[in-house]
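# Fold and geometry: a report
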Amino acid sequence: MTLLLRPPSLPPFRSFSGAGDSKSSLFPNRIRPNSSRRRLGTTSFTRASDVDSFTENSGYLFELSESEAELLAEYDIARITAVYRKKPVILARRLFQTGATLGRWFALRYIDGLMERADAMFKVRAAELRKILVELGPAYVKIAQAVSSRSDLIPPSYLEELSVLQDRINPFSNEVALNTIEQELGVAIDEIFSEISLDPVAAASLGQVYKARLRQNGRMVAVKVQRPGVKAAIALDILILRFIAGIIRRAGKFNTDLQAVVDEWASSLFREMDYRKEAQNGIKFRELYGSLPDVVVPQMYMEKTTQRVLIMEWVEGKKLAEVKDIYLIEVGVYCSFNQLLEHGFYHADPHPGNLLRTYDGKLAYLDFGMMGEFKEELRDGFIEACLHLVNRDFDALAKDFVTLGLLPPTADRDAVTKALTGVFRNAVAKGVQNISFGDLLGDLGTTMYKFKFRIPSYFSLVIRSLAVLEGIAISFNPAYKVLGSTYPWIARKVLVDSSPKLKSSLQSLLYKDGVFRVDRLESLLSESRRARIDKVLVKKEELDAKFAAKDIISFTLTEKGSFVREIFLEETAKGLDALGVATLNSIASFFTAYIPFPVPLPAIALTDEDFVNLMNLHSLLLLMSGLQGSGTGTKKIYSYEKQRSSLSKSNNQISSLSKNKTQRSYAVEISQLLSQLASTREIQPIIAAVNELPPEQQLQFYSLPANVLARLLSRAAARAVRRLFI
């Protein structure tokens, strides 16, 4: 429930001691609960003639017996069916009302098109649709809220009207609301509050909010009161929507179990209608994410909360979508990352009305009724899918889709891989920061149908959570990509997480067919640094090679960077081993080429693996020095690739001394290769960065050469054994 406020223009609240001084209130729009309860009921709170449109048009759904109400306490489609099987008249009336109301609107839109007045009537029809959805009730309003943040998908006129549904729906009777508060809490309202707003400050699909001051401690709170009859109306509408979903699936031959998707959404909606569960969700959400930088989660008053009344801390602010604060979007992305991929407990209804920018510049989350749980194996699968997508490993991506339940295990993997390559190649070619979450889903449509993709019930809420956040950002920054902003945190998690599955995924990602892909490690480290840089707001002039080198070296020396440190040590040993072989070959080639008489020097042919290890050694030096973004490493790797084919041809001739020209060429080429391996410019940032590390990390760094030496000796011994016995 959105709590949208404007800055107070009047002095703070003040206490009142008796009924006679009510006129002295500094807030003319507020009443004093310590007057008699009867007086409350006869003041402007009572608006008998002001019946909201939902009650007026759908009020016949409200009446349920006590036994029927108990059956609808939780979502159970069998119980809902049992209740309305005994109410065929109400069921038929609701079907007729829904069909006739929506049918009339679609007919008018069709006529507008025939009469070539569609554009002129656009705003009129948008306003009519909003009114229709409110009349039909919360289920339809919730559906509209789900799409009201997608400015890239919804026309502006419709977007403007649908956004009203977030927190500006006509409220129901104040008298009913205050009676509900007293009945639910079991005490007179003036015993709980010293002041309460005359009218609700916000009204949405399931309830409305009043601002009040607790008599016990004087704190300002939000009091959310549930609309009468919402559970009965939603239960019947879900029964109808579920039936329609079954027909659509059979008629359209969809692979996704649409009824299961409806069930997942309905379950979360029923949980949202129990304010006790919402308060518990809010407490858990505050414990998990309330300490994140610039994130505000209001306190819940569990002891004063019931199934239909919720009391929580009051939060002042404006809608996030209205203030256009890109930094808070980044905060929201970081918080969403923690929700979805760290703890798996996420806000499943983050429409713009539930996200506020507080007046001190923080992001406040509200309304914790609709939450989702993301299991660990699915979280890891989602992370792996993102990694494989960004690194264009479409064969692994096809396997990820099976893990996530998007593809049946019997799907043709090769055909799926080929299709995914065609769909995603262009999208990822622009770089991870330019990947649009919405575009990916749109491009996937045809492939999903062809290969019998299915949308698991949990996935719809996860996708909605991400899509809504991107939709808010797009409304004032069309170039914003939520996946591009999330990926740095994904990269960082993969590098530091202790999960065996993610460690295995990292190993598979970095070693493609047994060959170390230093470019992928470079990408992960670069992206993970970008995540931290964005949060600590490092100045641009500090982003030099020394800073990058210090950042990377410091990370590899920590406990969380131990896995990456092992990779650095192992690949450095491999590179130095290959360097030793290349150096010996260079010396042998020199003597063979320039000395007129034969010299019995041992010659060890450089293998393809040695060439790869040499290139990786140089790339690791560039990476550690922070120069990987300068282009130097890329140019030299290309140079290595050219020399590799030339040197490979000469390798087979190293033991033959009949062609002096070949040996001279080989010596020159190896010399060129060795001369490119390292330069002072590449080593200096590493030395400078190490000198700025804390003393304990410096000692740890200087102990690494001994580790590398041990690995190098082991490889040299293994090479000697192979040479002697194989």
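Source: prediction; values computed, not measured.

Below, the discussion takes up the overall build of the chain. Along the chain, the regular secondary structure elements total 32 helices and 14 strands. In the chain, which comprises 726 residues, the proportion classed as buried is 52%. Taking the contacts inside the chain whose residues are at least 6 apart along the sequence as the reference set, 72% of them involve residues at least 24 apart. Accessible surface for the chain amounts to roughly 33400 Å². Of this, 56% is attributable to carbon and sulfur atoms.

Two numbers describe how helix α4 (residues 77–85) lies on helix α11 (residues 230–252): the axes approach to 10 Å, and their chain directions differ by 105 degrees. Comparing their axes, α11 and α4 come out roughly perpendicular. On α11, the residues that touch Ile 77, Ile 80, Thr 81 and Tyr 84 of α4 are Ala 232, Ala 235, Leu 236, Leu 239 and Arg 242. For the contact of α4 with α11, the class distribution of residues is 7 nonpolar, 1 polar and 1 charged.

This part is about the environment of Ile 238. Tracing the sequence through the fold places Ile 238 in helix α11. In this structure, the C-alpha to C-alpha distance between Ile 238 and Ala 266, residues 28 residues apart in sequence, is 6.9 Å. Apart from the residues lying within four places of it in its own chain, the contact partners of Ile 238 are Tyr 75, Val 262, Trp 265, Ala 266, Leu 269 and Phe 270.

Relative to the elements of secondary structure, Leu 95 occurs in helix α5 (residues 88–114). When the C-alpha positions of Leu 95 and Asp 237 are compared, they lie 8.9 Å apart, and in sequence the two are 142 residues distant.

Time to look at the pattern of salt bridges. Taken as a whole and assessed by the stated rule, the structure comprises 28 salt bridges. Among the ionic pairs, Lys 284 bridges to Glu 373, the shortest N-O distance being 3.6 Å. Taken together, the residues Lys 284 in helix α13 (residues 275–289) and Glu 373 in strand β12 (residues 371–373) connect sequence positions 89 residues apart. On the basis of relative accessible area, Lys 284 is assigned to the partly exposed category, the value being 34%. The class for Glu 373 is exposed, based on a relative accessible area of 53%. Lys 550 is paired through a salt bridge with Glu 692; the nearest N and O atoms lie 3.9 Å apart. Placement of Lys 550 in helix α25 (residues 545–556) and of Glu 692 in the loop between α30 (680–691) and α31 (695–702) is noted, with a sequence separation of 142 residues between them. By relative accessible area, which is 39% here, Glu 692 ends up partly exposed. Counted as one network, the salt bridges with shared partners bring together Asp 112, Arg 117, Arg 125 and Glu 128.

What follows deals with a nonpolar patch on the surface. On the surface, a nonpolar cluster with roughly 460 Å² of combined accessible area is contributed by Phe 243, Ile 244, Ile 247, Ile 248 and Phe 254. Residue class for Phe 243 comes out exposed when judged on its relative accessible area of 55%.

For the rest of this paragraph, the subject is the packing of aromatic side chains. One pass over the full model with this rule turns up 11 aromatic pairs. Judged by centre distance (4.3 Å) and plane angle (45 degrees), the ring pair of Tyr 334 and Trp 489 falls under tilted. With Tyr 334 in helix α15 (residues 326–343) and Trp 489 in helix α22 (residues 482–496), this residue pair connects regions lying 155 residues apart in the sequence. Residue classification places Tyr 334 among the buried positions, given a relative accessible area of 18%. Judged by its relative accessible area of 11%, Trp 489 is buried. Aromatic pair Tyr 511 and Phe 516: ring centres 5.3 Å apart, planes at 40 degrees, arrangement tilted. Three or more aromatic residues joined by ring pairs make a cluster, and in this case those are Phe 285, Tyr 289, Tyr 365 and Phe 368. Over the aromatic face of Phe 345 sits the side chain of Lys 284, whose NZ or CZ is 4.3 Å from the ring centroid.

All right, on to helix α27 (residues 608–625) then. For α27, spanning 18 residues, the distance from its first C-alpha to its last is 26 Å, which sits close to the expected 26 Å at 1.5 Å a residue. Of all 18 residues making up α27, 15 are buried, and the element is well covered by its neighbours.

With that settled, the discussion passes to the packing of α13 against α15. Describing two packed helices takes the angle between their axes plus the distance from one axis to the other. Between α13 and α15, the least distance of the axes is 11 Å, while the angle of their chain directions is 100 degrees. With respect to α15, the axis of α13 lies roughly perpendicular. Residue-level inspection shows Phe 285, Leu 288 and Tyr 289 of α13 in contact with α15, the latter providing Cys 335, Asn 338, Gln 339 and His 343. Residues that form the contact of α13 with α15 fall into these classes: 4 nonpolar, 3 polar and no charged.

Glancing now at the sheet that holds strand β8 (residues 317–319). With mixed pairing, the 4 strands of this open sheet are ordered in space as β6-β11-β10-β8. Since the sheet does not close on itself, it has two edges, and those belong to β6 (295–296) and β8, each with one partner. Judged from the 3 bridges that link them, strand β10 (residues 355–358) and strand β11 (residues 363–365) form a sheet pairing that is antiparallel. In the strand pairing of β11, Leu 356 is matched with Ala 364. Lying on the sheet, α15 is in contact with β6, β10 and β11; it crosses β11 at an angle near 45 degrees.

This paragraph deals with unusual backbone geometry. Even without being glycine, Asp 294 reaches a positive phi, approximately 60 degrees. In this fold, Asp 294 is placed in the loop between α13 and β6. Among the residues examined, Asp 294 registers a relative accessible area of 24% and is labelled partly exposed.

Right, let's talk about the pairing of strand β5 (residues 220–226) for a bit. The side chains of a regular strand alternate between the sheet's two faces. In terms of residue burial, β5 counts as a mostly covered element, since 6 of its 7 residues are buried. Of the pairings in the sheet, the one linking strand β4 (residues 207–214) to β5 comprises 7 bridges and is antiparallel in character. Bridge pairing in β5 links Tyr 210 to Val 223. What sits between the antiparallel neighbours β4 and β5 is a turn of 5 residues, in which Gly 218 has the positive phi angle 75 degrees.

A word on the confidence of the model for the chain. Within the chain, residue pLDDT values average 77, and 75% of them lie at 70 or more. Across residues 630–664, where pLDDT falls below 50, the model places 56 contacts with residues more than four positions away in sequence or in other chains.

Looking now at the side chain of Asp 112. Assignment of secondary structure puts Asp 112 in helix α5. For Asp 112, a relative accessible area of 0% puts it in the buried group. Looking at Asp 112, its side chain comes within polar contact range of the side chain of Arg 125, at 2.6 Å. Filtering out sequence-adjacent residues up to four positions away, Asp 112 remains in contact with Arg 117, Ala 118, Met 121 and Arg 125.

Here we come to the side chain of His 347. Residue placement: His 347 occurs in strand β9 (residues 345–347). For His 347, the side chain forms a polar contact with the main-chain oxygen of Leu 366, separated by 2.9 Å. One polar contact links the side chain of His 347 to the main-chain carbonyl oxygen of Asp 367, over a distance of 2.7 Å. Excluding residues that lie within four positions of it along the chain, His 347 makes contacts with Phe 285, Gln 339, Asn 354, Tyr 365, Leu 366, Asp 367, Phe 368, Met 370, Met 371 and Ser 465.

What counts as what
Residues numbered from 1 in each chain as written. Predicted model: local features only at pLDDT ≥ 70, side-chain atom pairs only at ≥ 80, totals over all residues. Heavy atoms only, no water. Helix = DSSP H or I, 4+ residues; strand = E, 2+ residues; numbered from the N terminus. Buried < 20%, exposed > 50% of the residue type's maximum accessible area, 1.4 Å probe, protein only. Contact = heavy atoms within 4.5 Å. Areas by Shrake-Rupley, 256 points an atom, 1.4 Å probe, with all protein chains shown as cover. Axes fitted to C-alpha atoms, helices over the stretch in contact; angles between N-to-C directions. Parallel < 35°, antiparallel > 145°, perpendicular 65-115°, else oblique. Nonpolar A, V, L, I, M, F, W, Y, C, P; charged D, E, K, R; others polar. Salt bridge = Lys/Arg side-chain N within 4 Å of Asp/Glu carboxyl O. Patch = residues over 30% accessible without salt bridge, like charges linked within 9 Å, V, L, I, M, F, W, Y side chains within 5 Å. Phe/Tyr/Trp six-rings, centres within 6.5 Å; stacked < 30°, edge-to-face > 60°. Lys NZ or Arg CZ within 6 Å of the ring centre and 35° of its normal. Expected span 1.5 Å × (residues − 1). Pairing = 2+ DSSP bridges. pLDDT = per-residue confidence, 0-100. Polar contact = N/O pair within 3.5 Å; in protein donor to acceptor, adjacent residues only side chain to side chain.

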